[in-house]
Amino acid sequence: MKRIIFLLFVVAILATGCGVSQSEFDALKKDHESLKADVEKLKSGSAIIDQLQSSLWRGKLKATMGDMKTIANAIGSYLVDNSVAPEALTDIGSFHIKNMPMNDAWGNSWMYFRNPKEGLHDQYVLVSAGEDGNFTFPQGILKNILFESKDPPKSFGDDIVLQDGSFTYTPR
């Protein structure tokens, strides 16, 4: 705001041809230097905020991936006992996992399904919608892409995809 007032004052002086005393000029110059310093402080503050947001995102990504691995371990234990992956995450009992994370670190529900083909029920997929909260592909399309496509897409946007215990897609 000060900068706008300063610029308007300078424009008014130039437009009217009025002279400015040396002391007024020095005061304006000092205000200008102060404004430049304030702008630099704001820029560095903005950079700090950007770094904090980036760190927060990385922390949530790591927490989500850790929870996904915990769930994958429970599914692995379930597989050993039942020879098939559970039909739903709620089928995994407390014997296999003490505290089932119901959401990712962004608060989104998981997308989970096992391979629908007979004889392949030991294959499963667990997906987090990631930061944006939107799954890149609906579940029906995702099943086809992951279980049948010979040329799956290279990116799933913000989605984090864990297939049969291994991460196959993570955000950039």
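Our structure is the block above this text.
Each value, and the rule that gives it
Residues numbered from 1 in each chain as written. Predicted model: local features only at pLDDT ≥ 70, side-chain atom pairs only at ≥ 80, totals over all residues. Heavy atoms only, no water. Helix = DSSP H or I, 4+ residues; strand = E, 2+ residues; numbered from the N terminus. Contact = heavy atoms within 4.5 Å. Pairing = 2+ DSSP bridges. Salt bridge = Lys/Arg side-chain N within 4 Å of Asp/Glu carboxyl O. Buried < 20%, exposed > 50% of the residue type's maximum accessible area, 1.4 Å probe, protein only.

1. A few points about the environment of aspartate 159
Next, step 1: Tracing the backbone shows aspartate 159 in the loop between α3 (139–147) and β3 (160–163).
Next, step 2: With 22 residues separating them along the chain, aspartate 159 and phenylalanine 137 place their C-alpha atoms 9.1 Å apart.
Next, step 3: The residues touching aspartate 159, leaving out its near neighbours within four places in the chain, are Val127, Ser128, Ala129, Asn134, Phe135, Thr136, Phe137, Tyr169, Thr170 and Pro171.

2. What about the pairing of strand β4 (residues 166–169)?
Next, step 1: As paired strands, β3 and β4 are joined by three bridges and run antiparallel to one another. For glutamine 163, the partnering residue across the bridge sits in β4 and is serine 166.
Next, step 2: In this structure, the hairpin formed by β3 and β4 is closed by a connection of two residues, where aspartate 164 is found at a positive phi of approximately 50°.

3. Section: the pattern of salt bridges
Next, step 1: With the rule as written, the count across this model stands at one salt bridge.
Next, step 2: Taking the shortest distance from any N to any O, the salt bridge between glutamate 87 and arginine 114 comes out at 3.8 Å. Of this pair, glutamate 87 sits in the loop between α2 (22–82) and β1 (111–114) while arginine 114 sits in strand β1, and the two are 27 residues apart along the sequence.
Next, step 3: Taking the relative accessible area as the measure of exposure, arginine 114 reaches 17% and is therefore buried.

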